[in-house]
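The lines below spell out each chain.
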Amino acid sequence: MVDITEEEMDNPTFKSDTILSDVHLHCPDKRNLMVRLNAVGQPVFLSYFKLLCNTEDLASEKYGGEAATEREQQYQSEDEPCDMDRNNLKKEIELNIKGVEALLDDDGDLEVIRRPRCSSDIEAEGVFRDRVYPVILMKGEEDAFDIAEQEGTCSDVVKIEHTMATPLEDVGKQVWRAAFLLADYILFKRDTFKCCSVLELGGGTGITSIIMGTVAKRVYCTDVGEDLLAMCEKNVALNKQLLEAGSGEVKVKELDWLKDEFCTDPKAPYSWSEEEIADLHDHCTVIMAADVFYDDDLTDALFRTLYRITHNLRNSCTVYLALEKRLNFTLRHMDVTCEAYSHFRNTLNDLENLQDRKMKYTVEPIKPDFCQFLIYERIEQL
């Protein structure tokens, strides 16, 4: 966990209050380019996430209707889904597992290779490390982004600007596993979301909204913080061609769960117009959120916002919530617990049992056994 300031780029400091997403730890061969420092001095990286299935093929008619149904039936059977793509993913996961096993000793403990103190120790121990030189792109070097051509075509690569490590209040600037899980489900059930109007709560870097934008008609990607929303808007622009292939639209807007109203101040950069609020209330049929349940107060605020918005919708709505159940040992319980997840489940049960004459909520779990379109570790806690 590293916190790098602008003045001490060569001397990173370690802080205990820094949160690090482990998405990139499982993609060591992926290219991560540092492109700039954001408004608060955090390094911003540009990463390419390759889709295991070309979105132009997904958007074409041959992948609609019958083809999608056939794919689902194939996956539900005992046959291997996605054929070559699935096999490639399986091989990559097996290689990662072998790499981890190679680091374990006979007792299963992690065997850490420590840095030798001098060059003579290197020769004695036979330990050699490749030097890593991070690529830093400065403003104006637009040609540097042409490297995307080497990573894949515009139709099968999602380009995302993000940070690597942040304080807890800025975790939305990172990429999290539940966002990939929700993106997988969107691509697997694309007919379900076709031509829908969608609202994402806590959109963060915008990766899930961008994937939804390849399918849906319009997506309102919402969060708080001008710096975060600017990053999200940049990501939408970076994936313009990907969105155009699906004829979708992604609008980045501010939505503060701690406030009872939409931000309509015309001076605010990501405020709502009256027309946009009316469009949301009249046409929204899908609401989604990924990995936003890590603080009890924010969880309560999200469910209040969820109730307020769904209460004003003209049509019935389906809400998709994806999260990772993070286990931690606490001294208070002297056991491994997941208090944030427990609070989420209790609040969700309260919403389902809510006595409201106008509205009724039903909750259904979705098993994460659908086809995988993005490369990440789909752990059982998702």
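The structure contained in this document is the topic of the report that follows. A quick note: this is a predicted structure, and the numbers were derived from the prediction, not measured.

Overview of the overall build of the protein
Move 1: Scanning the protein for helices and strands turns up 13 helices and 14 strands.
Move 2: At a minimum sequence separation of 6, the contacts of the protein that also span at least 24 residues come to 70%.
Move 3: Roughly 22,200 Å² of accessible area belongs to the protein as shown, and the carbon and sulfur atoms make up 49% of that amount.

As for the sheet that holds strand β12 (residues 318–322)
Sheets are built from strands that pair by backbone hydrogen bonding, the pairs being arranged parallel or antiparallel.
Move 1: The parallel open sheet is built from 5 strands, whose spatial order is β10-β9-β8-β11-β12. A single partner strand is all that each edge strand has here, and the edge strands are β10 (249–254) and β12. Neighbour-to-neighbour, the strand axes of this sheet turn through a mean angle of 20 degrees, independent of strand direction.
Move 2: Alignment of strand β8 (residues 197–200) against strand β11 (residues 284–290), held across 4 bridges, turns out to be parallel.

Some points on the pattern of salt bridges
Move 1: Tallied over the full model, the rule gives 15 salt bridges.
Move 2: Measuring nitrogen to oxygen at the nearest pair gives 2.9 Å for the salt bridge that ties D156 to K50. Separated by 106 residues along the polypeptide, D156 in the loop between α5 (148–151) and β6 (157–162) and K50 in strand β5 (residues 43–50) bring together distant segments of the chain.
Move 3: Salt bridges here are not isolated pairs; linked through shared partners, they connect R177, D291, E324, R326 and E377.

Re the packing of aromatic side chains
Move 1: One pass over the structure, following the stated rule, counts 13 aromatic pairs.
Move 2: On the basis of an interplanar angle of 45 degrees and a centroid distance of 5.7 Å, the ring pair of Y185 and Y320 is categorised as tilted. Separated by 135 residues along the polypeptide, Y185 in helix α6 (residues 177–188) and Y320 in strand β12 bring together distant segments of the chain.
Move 3: Accessibility expressed as a relative area gives 13% for Y320, which makes it buried.
Move 4: Where F303 meets F344, the ring centres are 6.2 Å apart and the plane angle is 35 degrees; that geometry is what we call tilted.

Structural notes on the environment of A165
Move 1: Assignment of secondary structure puts A165 in strand β7 (residues 165–167).
Move 2: Once the C-alpha coordinates of A165 and D22 are considered, the two residues, 143 residues apart in sequence, prove to be 9.8 Å apart.

A look at the pairing of β11
Move 1: Of all 7 residues making up β11, 6 are buried, and the element is well covered by its neighbours.
Move 2: Each parallel crossover has a hand, and the one from β11 via helix α12 (residues 296–311) to β12 is right-handed.

Here we look at the side chain of K173
Move 1: Among the structural elements, K173 can be located in the loop between β7 and α6.
Move 2: Engagement of the side chain of K173 in a polar contact is seen with the side chain of Q42, the distance being 3.2 Å.
Move 3: Not counting residues up to four positions away in its chain, the partners in contact with K173 are N38, V40, Q42, H162, T163, T205, D227, L228 and M231.

A look at the pairing of β8
Move 1: Of the two faces of β8, both are covered, the one formed by S197 and L199 as well as the one formed by V198 and E200.
Move 2: Pairing analysis gives 4 bridges linking β8 to strand β9 (residues 218–223), with the strands arranged parallel. Bridging across to β9, E200 finds its partner in C221.
Move 3: Assessed by its sense of winding, the connection that carries the chain from β8 through helix α8 (residues 207–213) to β9 is right-handed.

So, the layout of surface pockets
Move 1: The calculated volume of the largest pocket comes to roughly 1,200 Å³.
Move 2: V319, Y320, L321, V363 and E364 are the residues nearest the centre of the largest pocket, which is lined by 37 residues in total.
Move 3: Those elements that provide at least two residues to the lining of the largest pocket are α6, α12, β12 and α13 (339–352).
Move 4: For the lining of the largest pocket, the element with the most residues is α13, which contributes 7 residues.
Move 5: Each residue belonging to the lining of the largest pocket can be placed in one class, and the counts come to 23 nonpolar, 7 polar and 7 charged.

So, the packing of α12 against α13
Move 1: Where α12 contacts α13, the axes come no closer than 10 Å and their chain directions differ by 25 degrees. Taken together, the axis directions place α12 and α13 in an arrangement best described as roughly parallel. Helix-helix and strand crossings are classified by hand; for α12 and α13 the assignment is right-handed. Here α12 contributes D296, T299, D300, F303 and L306 to the contact with α13, which in turn contributes E339, A340, H343, F344, T347, L348 and L351.
Move 2: Here the residues of the contact of α12 with α13 are counted per class, giving 6 nonpolar, 3 polar and 3 charged.

Quick look at α13
Move 1: Given a rise of 1.5 Å per residue, 14 residues ought to cover 20 Å, and the 20 Å separating the end C-alpha atoms of α13 matches this to within 8%.
Move 2: Looking at the packing, one finds that the buried side of α13 touches α12 and β12.

A short note on the environment of T310
Move 1: Mapped onto the fold, T310 is located in helix α12.
Move 2: Relative accessible area serves as the criterion here: at 8%, T310 is assigned to the buried category.
Move 3: Remark: the alpha-carbon pair of T310 and V286, spanning 24 residues in sequence, is separated by 10.0 Å.
Move 4: If we skip the residues at most four places from it in the chain, T310 touches I287, M359 and Y361.
Move 5: A polar side-chain atom of T310 sits 2.7 Å from the main-chain carbonyl oxygen of L306.

Conventions and cut-offs
Residues numbered from 1 in each chain as written. Predicted model: local features only at pLDDT ≥ 70, side-chain atom pairs only at ≥ 80, totals over all residues. Heavy atoms only, no water. Helix = DSSP H or I, 4+ residues; strand = E, 2+ residues; numbered from the N terminus. Contact = heavy atoms within 4.5 Å. Areas by Shrake-Rupley, 256 points an atom, 1.4 Å probe, with all protein chains shown as cover. Pairing = 2+ DSSP bridges. Axes fitted to C-alpha atoms, helices over the stretch in contact; angles between N-to-C directions. Salt bridge = Lys/Arg side-chain N within 4 Å of Asp/Glu carboxyl O. Phe/Tyr/Trp six-rings, centres within 6.5 Å; stacked < 30°, edge-to-face > 60°. Buried < 20%, exposed > 50% of the residue type's maximum accessible area, 1.4 Å probe, protein only. Right-handed = clockwise from strand over helix to strand, strands pointing away. Polar contact = N/O pair within 3.5 Å; in protein donor to acceptor, adjacent residues only side chain to side chain. 1 Å grid on protein atoms, 1.4 Å probe; cavity = no way out; pocket = protein on both sides within 12 Å on 5 of 7 lines; lining within 4 Å. Points joined across faces, edges and corners; volume = space filled by probe spheres on them. Nonpolar A, V, L, I, M, F, W, Y, C, P; charged D, E, K, R; others polar. Parallel < 35°, antiparallel > 145°, perpendicular 65-115°, else oblique. Left-handed = near helix turned anticlockwise from the far one by under 90°. Expected span 1.5 Å × (residues − 1).

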